[in-house]
Structures are given as structure tokens and as C-alpha cells.
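Survey of secondary and tertiary structure
What follows is the residue order along each chain.
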Amino acid sequence: KSYNDHLSWISEQDDGHSDAINKGILRSSAPIIGWLNSDDIYYPNAFKTVMGYFDQYPDVDVVYGDAYHIDQNDEIIEKYPTEDWNWDRLLETCYISQPATFLRRKVIEKNGLLDLSLRYSMDYEYWIRLGKAGVKFAHIPEVLAATRLHDTAFTISSRIATHSAVNDFMKEHFGKVPDIWILNYA
């Protein structure tokens, strides 16, 4: 509320995390889209870096940077395991950190929003869907954001459900689940 003069916000019932993010995207008019989940942060100059990259490479549709996992006191736990873009590797692991990812609005207009049926790993499913559609990704090797890990964070508290969701959408997209995801689930 203290930022009322600087931004628009709403607080209302929604149909889950994907729905809330989709509502925010639809309310926006910006040509570049990114979103933070609760407790995640952007680092200084993240926006400047991303906008500079998009200006320099107009053929790139999605950019993602490096990121950290941080604790409740902003202390770095570890670096997120980010990798350069590789479609085959993306099928084995989600190496794209969602808060460090930005995309052109045209990508959403062409490929749709997040899947409302997903409660977990909706960002990873979106990267898979975009990669399948031939969207051009690029990695910026600079730390742009951080995901805060704590006992109640989805990443920690719902690992089995998260892996189950990945298995389900992999099967939906490809007719089978990559062996590594079956192993992760086990």
C-alpha cells in the first residue's frame, strides 16, 4: 500500500498461483514481462541489464539470467544451477530460474499464459511449451534475481507434488516422461 503512487496492485481471490500471475500479466501493458513470487528478489541493475539485452538482440524472445537461492536473512545458500540454452538439457532439468527470466509480450500473445491446471512447476512447463514452439531463449551470465528458500516455500515443502506435476506435463507434451524425471520422482 505504501507504493500506491508508483504502481497498481490488487488483492483478491484467485484460482491459484498460475491464475494470480496470469491476472497480473493481463493487467500489464509492458512489452517485457517478468514476475516475482513471494519472497523472491531482483538484484540492482537487473532491469537495466535485461532491457539492454533485448535492445541489442531483437531476435531473442526470452532472456534468463543467473540466480541465487537465499535464506530468510538474504544470505546466499547456493547459486541456482543455470546453464546456457540447450533444448535437450531442458528436458532433463529446469536450469532456468523463474525470477531471473523475462519475455517479450508477443511470446505470451502467441503462446498463451501459464497453465491454470498446474499448482507446481508452472514456470518449467511454460519454458517447455515455449521451447517446443521454437521460441528463442538466451542466457545472460549475470545474477539478476534470487529465490528465497525456507521450510514453507513450494520448492522445499512440496517436492513430491512438484515432481509428480513435472512427470504429468512431460507425458502430456511428449507422450513419455524422461528417465531422469522418473528417477527424481522415485
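Higher on the page you've got the structure.
Worth saying up front: this structure is predicted, and the values here are computed from it rather than measured.

1. Some thoughts on the overall build of the protein chain
Looking only at helices and strands, one finds eight helices and six strands in the protein chain. Listing the helices and strands of the protein chain from first to last along the sequence gives α-β-β-α-β-β-α-β-α-α-β-α-α-α. Rg of the C-alpha trace for the protein chain: 16 Å, near the compact-globule value of 16 Å for 186 residues, within the 12% margin. Principal-axis analysis of the C-alpha atoms places the extent of the protein chain at approximately 50 × 40 × 35 Å. When burial is assessed residue by residue, the protein chain has 44% of its 186 residues classed as buried. Counting contacts in the protein chain only where the partners sit at least 6 residues apart, residues at least 24 apart contribute 67% of the total. Counting only carbon and sulfur atoms, one obtains 50% of the accessible surface of the protein chain, whose full area is about 10800 Å². Between the mean site of the 18 positive side-chain charges and the mean site of the 28 negative ones, the protein chain shows a separation of 5 Å.

2. Re the pairing of strand 4 (residues 76–79)
Across three bridges, the pairing between strand 3 (residues 62–70) and strand 4 is antiparallel. When the sheet's bridge partners are listed, Ile-70 is paired in strand 4 with Ile-76. Between strand 3 and strand 4, which pair antiparallel in sequence order, lie five residues; one of them, Asp-74, sits at a positive phi of approximately 70°.

3. What to know about unusual backbone geometry
Even without being a glycine, Asp-74 presents a positive backbone phi close to 70°. Checked against the element boundaries, Asp-74 lands in the loop between strand 3 and strand 4. Overall, the relative accessible area of 46% leaves Asp-74 in the partly exposed class. With a phi angle near 55°, Ser-121 is a residue other than glycine that sits in the positive phi range. With respect to the helices, strands and loops of the structure, Ser-121 is situated in the loop between helix 4 (105–111) and helix 5 (122–132).

4. Structural notes on the pattern of salt bridges
A full pass over the atoms with the stated rule returns eight salt bridges. Here Asp-61 makes a salt bridge to Lys-106, at a shortest N to O gap of 3.8 Å. Taken together, the positions of Asp-61 in the loop between helix 2 (46–56) and strand 3 and Lys-106 in helix 4 put the pair 45 residues apart, joining distant regions of the chain. A relative accessible area of 13% means that Asp-61 is categorised as buried.

5. Quick notes on the environment of Ile-128
Note on placement: Ile-128 falls in helix 5. The class for Ile-128 is buried, based on a relative accessible area of 0%. For the pair formed by Ile-128 and Leu-91, sequence separation is 37 residues and the distance between their alpha carbons is 7.5 Å.

6. Observations regarding the side chain of Arg-105
Mapped onto the elements, Arg-105 comes out in helix 4. For the buried Arg-105, no salt bridge exists, and the shortest N-O distance to an oppositely charged side chain is 4.7 Å, to Glu-109. Excluding anything up to four places from it in sequence, Arg-105 contacts Ile-25, Ser-28, Ser-29, Ala-30, Pro-31 and Ile-33.

7. Describing helix 1 (residues 17–27)
Listed in full, the buried residues belonging to helix 1 are Ser-18, Asp-19, Ile-21, Asn-22 and Ile-25. Burial along helix 1 is one-sided: seen end-on, the buried residues are contained in an arc of 165°. Here the buried face of helix 1 lies against strand 1 (32–33), helix 4 and helix 5.

8. Observations regarding the packing of aromatic side chains
One pass over the full model with this rule turns up 11 aromatic pairs. Residues Tyr-42 and Phe-47 carry aromatic rings whose centres are separated by 4.9 Å and whose planes lie at 65° to one another, so their mutual orientation is edge-to-face. Overall, Tyr-42 belongs to the partly exposed group, its relative accessible area being 21%. Of the residues examined, Phe-47 reaches a relative accessible area of 49% and is grouped as partly exposed. Judged by centre distance (6.2 Å) and plane angle (50°), the ring pair of Tyr-64 and Tyr-95 falls under tilted.

Conventions we followed
- Residues numbered from 1 in each chain as written.
- Predicted model: local features only at pLDDT ≥ 70, side-chain atom pairs only at ≥ 80, totals over all residues.
- Heavy atoms only, no water.
- Helix = DSSP H or I, 4+ residues; strand = E, 2+ residues; numbered from the N terminus.
- Rg over C-alpha atoms; globule rule 2.2 N^0.38 Å.
- Buried < 20%, exposed > 50% of the residue type's maximum accessible area, 1.4 Å probe, protein only.
- Contact = heavy atoms within 4.5 Å.
- Areas by Shrake-Rupley, 256 points an atom, 1.4 Å probe, with all protein chains shown as cover.
- Lys, Arg positive; Asp, Glu negative; His and termini not counted.
- Charge placed at Lys NZ, Arg CZ, Asp CG, Glu CD.
- Pairing = 2+ DSSP bridges.
- Salt bridge = Lys/Arg side-chain N within 4 Å of Asp/Glu carboxyl O.
- Arc of directions from axis to C-beta.
- Phe/Tyr/Trp six-rings, centres within 6.5 Å; stacked < 30°, edge-to-face > 60°.

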